[in-house]
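# Working through the structure, step by step
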2 protein chains.
Amino acid sequence: MSAPRGGRTGATRSVRTEATKQKLFDAALRLVGERGAAGVTVDEIAAEAGVAKGTVYYNFGSKDALVEALLRHGVDLLSERLRRASVLEDPSEALEATVDEALGFFAEYPSFAQLLVSEMWRTPGAWRETLELLRDDIALILRGVLDRLAESRRLPEGVRPATAAAALFGTLLVVSLDWHVFHPERTKEDVRESVVVLIRGVAGRRDC
Amino acid sequence: MSAPRGGRTGATRSVRTEATKQKLFDAALRLVGERGAAGVTVDEIAAEAGVAKGTVYYNFGSKDALVEALLRHGVDLLSERLRRASVLEDPSEALEATVDEALGFFAEYPSFAQLLVSEMWRTPGAWRETLELLRDDIALILRGVLDRLAESRRLPEGVRPATAAAALFGTLLVVSLDWHVFHPERTKEDVRESVVVLIRGVAGRRDC
DNA sequence: CTATTTGAACTGACTGGTCAGTACAAAGGA
DNA sequence: TCCTTTGTACTGACCAGTCAGTTCAAATAG
């Protein structure tokens with residue numbers, strides 16, 4: 001993750017800092033995901049991380065900056081995984097692998113899904129700019145898969161990849177959240193299977 | 001919409017009150033949708049509605065109660081419209097009409113879509129119970145359409161209506177929000193068309 | 001090898017401001 | 001007459017951000 005700050009001693013510097021930042025990330029993600037950025041106090045985050053309040057400001061400068069770092073970090077992780085899955089040779093396989101990665105990621109970091117869904121479409125918002133970037137990042141990856149799918153005629157005539165990408169993202173996000181919040185008893189395989197079957201319906205091999 | 005508070009005098013009660021409540025709903029919906037419930041003050045809502053702060057408390061009792069009323073009111077409106085569309089004779093037509101209504105509703109009340117998306121999957125949350133009810137309300141309607149679709153073999157083998165319902169809701173919500181927030185230049189017809197085409201892909205007539 | 005210095009990392013009490021909710025006297029309206 | 005609204009003033013809790021001071025590991029000096 002982010003390189004050590006401009007320090008001169010280059011070497012092992014900031015092993016401590018990096019650990020602290022990680023603790024703060026974990027704590028902040030959990031709390032902010034559950035109760036929203038505005039619903040959590042810096043004191044709570046610090047307490048949850050087992051760190052003094054000043055440390056938050058030492059490391060991130062402000063509450064907003066902490067949340068922004070959280071968003072970037074999470075999306076970087078997600079897009080990395082999606083990107084890797086999305087380049088599989090066969091477009092259909094790539095789509096399924098991408099869906100798989102997204103579900104896996106949201107299952108692994110449900111709080112991030114909550115944070116994302118609750119901040120992504122806020123209109124003025126402290127993170128407009130960042131969020132726009134992040135959105136484009138994900139959208140581009142999904143569009144890539146869908147474009148290739150369209151090229152090999154595996155998408156119904158007339159479907160716009162851009163719309164399909166938004167729809168796919170919405171589906172993945174909402175299915176994951178619904179699973180986590182309202183049906184935690186369902187297994188990952190079960191959810192995965194339902195979504196994949198569903199998506200094959202629209203983007204399956206056209207072999208009938 | 002929601003009946004006057006436990007009033008005794010039944011009759012013409014609250015013509016004025018109803019107007020005041022409506023002004024508060026409109027103002028609160030706009031502000032809360034944009035900045036989130038925690039990001040808006042009661043003073044702002046009162047000012048936006050052109051009403052004294054005390055009036056908010058006279059009519060709703062608390063900020064939380066106001067937001068809860070807002071959620072209920074909005075979902076009542078939405079589910080009413082969806083329900084009406086969902087009972088069309090032909091399942092495919094019912095699905096398309098339902099999609100149409102949902103997109104229309106979210107286009108008409110984008111702030112409600114924002115409020116919903118940012119509160120729906122919050123885990124402890126002041127409105128857990130209410131939101132759970134609301135979610136079931138919508139989910140049931142969508143499931144109804146999809147079940148009928150499955151009965152008439154227009155859904156791919158193995159698709160679970162419950163998952164499909166969540167997916168559909170996620171698609172509608174996210175496509176609407178993306179349209180409103182990131183692509184406001186697109187026309188309603190254009191968006192509608194792309195979604196309908198997309199959905200026909202998975203739930204179209206199996207006539208190949 | 002021991003003593004001293006340096007500075008990044010961290011601490012937590014404190015401040016200034018914000019905001020939900022209350023109080024209440026004085027209208028206005030049916 | 002009673003229900004509703006207004007406007008203003010107030011309270012008490014809460015909270016983002018600050019800052020003077022502490023800790024400690026590594027660098028430097030003797």
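Owing to the predicted nature of the structure, the values given are computational and were not obtained by experimental measurement.

## Topic: the interface of chain A and chain B
Counting residues at the interface gives 42 residues for chain A, matched by 42 residues for chain B. For the chain A and chain B pair, buried surface summed over both sides reaches about 3,900 Å², with 67% attributable to carbon and sulfur atoms. Residue Asp178(A) is joined to Arg135(B) by a salt bridge in which the shortest nitrogen-to-oxygen separation is 1.9 Å. At the junction of chain A and chain B, the tally comes to 19 residue pairs in polar contact (both at pLDDT 80 or more).

## Side note on the packing of helix α5 (residues 91-108) of chain B against helix α7 (residues 128-151) of chain B
Residues and elements named next belong to chain B. The contact between α5 and α7 brings their axes to 9 Å, and the two run at 150°. Viewed along their axes, α5 and α7 adopt a mutual orientation that is roughly antiparallel. Crossing of α5 over α7 shows left-handed handedness. Here Pro91, Ser92, Ala94, Leu95 and Thr98 of α5 lie close against α7, whose contacting residues are Leu142, Val145, Leu146, Arg148 and Leu149.

## Quick word on the nonpolar core
Ranked by size, the top nonpolar core spans 140 residues in total, and within it Leu95(A), Val99(A), Phe106(A), Trp121(A), Leu95(B), Phe106(B) and Trp121(B) carry the most contacts. Ignoring any residue separated from it by four or fewer positions in sequence, one finds Leu95(B) in contact with Val145(B), Leu146(B), Leu149(B), Leu168(B), Ile199(B) and Ala203(B).

## Examining the packing of aromatic side chains
In total, this model carries eight aromatic pairs over all chains according to the counting rule given. When the ring of Phe105(A) is compared with that of Tyr109(A), the centres are 5.0 Å apart and the planes differ by 50°; the resulting orientation is tilted. Judged by relative accessible area, Phe105(A) falls into the buried class, the value being 1%. For Tyr109(A), a relative accessible area of 28% corresponds to the partly exposed category. Seen from the ring of Phe60(B), Lys21(B) lies directly overhead, with NZ or CZ sitting 5.9 Å from the centre.

## Let's talk about the relation of the copies chain A and chain B
For the match of chain A to chain B, the screw axis carries a shift of 0.1 Å, the RMSD comes to 0.2 Å, and the turn is 180°. In symmetry terms, the pair is related by a two-fold rotation axis.

## A word on the protein's contact with DNA strand D
Inspection of the region around DNA strand D gives 17 residues, with Lys53(A), Tyr57(A), Thr20(B), Thr55(B) and Tyr58(B) positioned closest. Within 4 Å of the protein, the contacting atoms of DNA strand D are drawn from sugar and phosphate to the extent of 71%. Between DNA strand D and the protein, one listed contact pairs a phosphate oxygen with a side-chain N or O atom of Thr20(B) at 2.5 Å. Here Thr55(B) contributes a side-chain N or O atom positioned 2.6 Å from a phosphate oxygen of DNA strand D. Listing elements by their share of the surface near DNA strand D, those giving two or more residues are α3 (53-60) of chain A together with α1 (15-35) and α3 (53-60) of chain B. Per-class residue counts for the surface near DNA strand D are six nonpolar, seven polar and four charged.

## Concerning the confidence of the model for chain A
Reading fine detail from the predicted coordinates is not recommended where pLDDT is low. Confidence along chain A averages 88 in pLDDT terms, with 90% of residues attaining 70 or more. A low-confidence stretch, residues 1-13 of chain A (pLDDT under 50), is modelled with seven contacts involving residues beyond four sequence positions or located in other chains.

## Here we look at helix α9 (residues 188-203) of chain A
Each turn of an α-helix holds 3.6 residues, which means side chains three or four residues apart point in the same direction. In a regular helix each residue adds 1.5 Å, so 16 residues correspond to 22 Å; α9(A) covers 22 Å between its end C-alpha atoms and thus fits that length. Inspection of α9(A) places Asp190(A), Val191(A), Ser194(A), Val195(A), Val196(A), Val197(A), Leu198(A), Ile199(A), Gly201(A), Val202(A) and Ala203(A) among the buried residues, and these make up the whole buried set. Taken together, the buried residues of α9(A) touch α5 (91-108), α7 (128-151) and α8 (161-182) of chain A together with α8 (161-182) and α9 (188-203) of chain B.

## Some points on the side chain of Glu119(A)
Topologically, Glu119(A) is positioned in helix α6 (residues 110-119). In this structure, Glu119(A) is in contact with Ala37(A), Trp127(A) and Leu131(A), ignoring residues within four places of it in sequence.

## Brief notes about the side chain of Thr130(B)
Residue and element names in this part refer to chain B. Note on placement: threonine 130 falls in helix α7. Accessibility expressed as a relative area gives 5% for threonine 130, which makes it buried. With residues near it in sequence (within four places) discarded, threonine 130 still touches Glu68 and Arg72.

## Some details on the UniProt feature "DNA-binding region" (unreviewed entry) in chain A
Mapped onto the present numbering, the UniProt feature "DNA-binding region" (unreviewed entry) falls at residues 41-60 of chain A. In the segment residues 41-60 of chain A, helix accounts for 80% and strand for 0%; the C-alpha atoms at its two ends are 15 Å apart.

## Here we look at the pattern of salt bridges
Here the structure, examined in full by the defined rule, presents 38 salt bridges over all chains. A salt bridge links Lys53(B) to Asp43(B), with the shortest nitrogen-to-oxygen separation between them at 3.2 Å. Of this pair, Lys53(B) sits in helix α3 while Asp43(B) sits in helix α2 (residues 42-49), and the two are 10 residues apart along the sequence. For Lys53(B), a relative accessible area of 40% gives the class partly exposed. Taking the shortest distance from any N to any O, the salt bridge between Glu119(B) and Arg122(B) comes out at 3.3 Å. Each of the salt bridges in this network shares a partner with another, and the network as a whole consists of Arg81(A), Glu101(A) and Glu108(A).

## Quick word on the environment of Val117(A)
All names here are of chain A. Here valine 117 shows up in helix α6. Using a relative accessible area of 3% as the deciding quantity, one classes valine 117 as buried. Considered as a pair, valine 117 and valine 174 are 57 residues apart in the sequence and their alpha carbons are 8.6 Å apart.

## Describing the packing of α8(A) against α7(B)
Look at α8(A) against α7(B): their axes get within 13 Å of each other, and the N-to-C directions meet at 125°. In terms of orientation, α8(A) lies oblique with respect to α7(B). α8(A) and α7(B) meet at a crossing whose hand is left-handed. In contact with Asp178(A), Val181(A) and Phe182(A) of α8(A), α7(B) contributes Arg128(B), Glu132(B) and Arg135(B). Here the residues of the contact of α8(A) with α7(B) sort into two nonpolar, no polar and four charged.

So, how was this worked out
- Residues numbered from 1 in each chain as written.
- Chains lettered and ligands numbered in written order.
- Predicted model: local features only at pLDDT ≥ 70, side-chain atom pairs only at ≥ 80, totals over all residues.
- Heavy atoms only, no water.
- Contact = heavy atoms within 4.5 Å.
- Buried area = accessible area lost by both parts, 1.4 Å probe.
- Salt bridge = Lys/Arg side-chain N within 4 Å of Asp/Glu carboxyl O.
- Polar contact = N/O pair within 3.5 Å; in protein donor to acceptor, adjacent residues only side chain to side chain.
- Axes fitted to C-alpha atoms, helices over the stretch in contact; angles between N-to-C directions.
- Helix = DSSP H or I, 4+ residues; strand = E, 2+ residues; numbered from the N terminus.
- Parallel < 35°, antiparallel > 145°, perpendicular 65-115°, else oblique.
- Left-handed = near helix turned anticlockwise from the far one by under 90°.
- Core = buried A, V, L, I, M, F, W, Y, C linked by side-chain atoms within 4.5 Å.
- Buried < 20%, exposed > 50% of the residue type's maximum accessible area, 1.4 Å probe, protein only.
- Phe/Tyr/Trp six-rings, centres within 6.5 Å; stacked < 30°, edge-to-face > 60°.
- Lys NZ or Arg CZ within 6 Å of the ring centre and 35° of its normal.
- Least-squares fit on C-alpha atoms with pLDDT ≥ 70 in both.
- Near = heavy atom within 4 Å.
- Nonpolar A, V, L, I, M, F, W, Y, C, P; charged D, E, K, R; others polar.
- pLDDT = per-residue confidence, 0-100.
- Expected span 1.5 Å × (residues − 1).
- UniProt positions renumbered as here; feature names shortened; annotations may be inferred.

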